Amino acid sequence: MPAIGLLGGTFDPIHLGHLALAESAREEFDLAGVVFIPAGRPPHKPGAVMAPARERLRMVEIATDGNPYFSVSTVEIERTGPSYTVDTL
């Protein structure tokens, strides 16, 4: 079964570096795809000013649209409390 890459982050905003990293990893490791996972509430940024989670999610959806190897998960946006990678995995 082909492997799938996971790329989590605040994505505030998502930028070309995120997209290039995902595409490079996909090619280097022959991944079937890369799932972007925007953090709902990043635990390492308490009190930080950032775009609301749903707006950051929408930015990721727009940025990844058009690349058939990219998809977006809402798992951390939908979860209450801080977004820890260990819980997502």
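This text follows the structure it describes.
Cut-offs used in this document
Residues numbered from 1 in each chain as written. Predicted model: local features only at pLDDT ≥ 70, side-chain atom pairs only at ≥ 80, totals over all residues. Heavy atoms only, no water. Salt bridge = Lys/Arg side-chain N within 4 Å of Asp/Glu carboxyl O. Helix = DSSP H or I, 4+ residues; strand = E, 2+ residues; numbered from the N terminus. Buried < 20%, exposed > 50% of the residue type's maximum accessible area, 1.4 Å probe, protein only. Expected span 1.5 Å × (residues − 1). Arc of directions from axis to C-beta. Contact = heavy atoms within 4.5 Å.

Caption draft 1: The pattern of salt bridges, seen in detail. Throughout the structure, instances matching the rule amount to two salt bridges. One salt bridge connects Glu-23 with Arg-26, and the closest N-O pair in it is separated by 2.7 Å. Taken together, the residues Glu-23 and Arg-26, both in helix H1 (residues 16-28) and three residues apart, mark about one turn of the helix. Note that Arg-58 and Glu-61 form a salt bridge whose closest N and O atoms lie 3.4 Å from each other. Linking Arg-58 with Glu-61, this pair stays in helix H2 (residues 53-64), spanning three residues, or about one helical turn. Taking relative accessible area as the criterion, Arg-58 reaches 46% and is therefore assigned partly exposed.

Caption draft 2: Structural context of H1. In a regular helix each residue adds 1.5 Å, so 13 residues correspond to 18 Å; H1 covers 18 Å between its end C-alpha atoms and thus fits that length. Residues His-18, Leu-19, Ala-22, Glu-23 and Arg-26 constitute the buried set of H1. Along the axis of H1, the buried residues cluster in a sector spanning 125°; they form a single face. Looking at H1, the residues exposed on the side facing more than 90 degrees away from the buried face are Leu-16, Glu-27 and Glu-28. Of the surrounding elements, those touching the buried residues of H1 are strand E1 (4-9), strand E2 (33-38), H2 and strand E3 (70-72). Where H1 ends, the next residue or the one after it, Asp-30, has phi of about 50°, a positive value.

Caption draft 3: Expanded view of unusual backbone geometry. Residue Pro-13 is reached from Asp-12 by a cis peptide bond, and omega for that bond is 0°. Within the secondary structure, Pro-13 sits in the loop between E1 and H1. The residue Phe-11 is not glycine, and still its phi comes out positive at about 50°. In this structure, Phe-11 sits in the loop between E1 and H1. Its relative accessible area of 3% is what places Phe-11 among the buried residues. Unusually for a residue other than glycine, Asp-30 sits at a positive phi of about 50°. Considering the arrangement of structural elements, one finds Asp-30 in the loop between H1 and E2.

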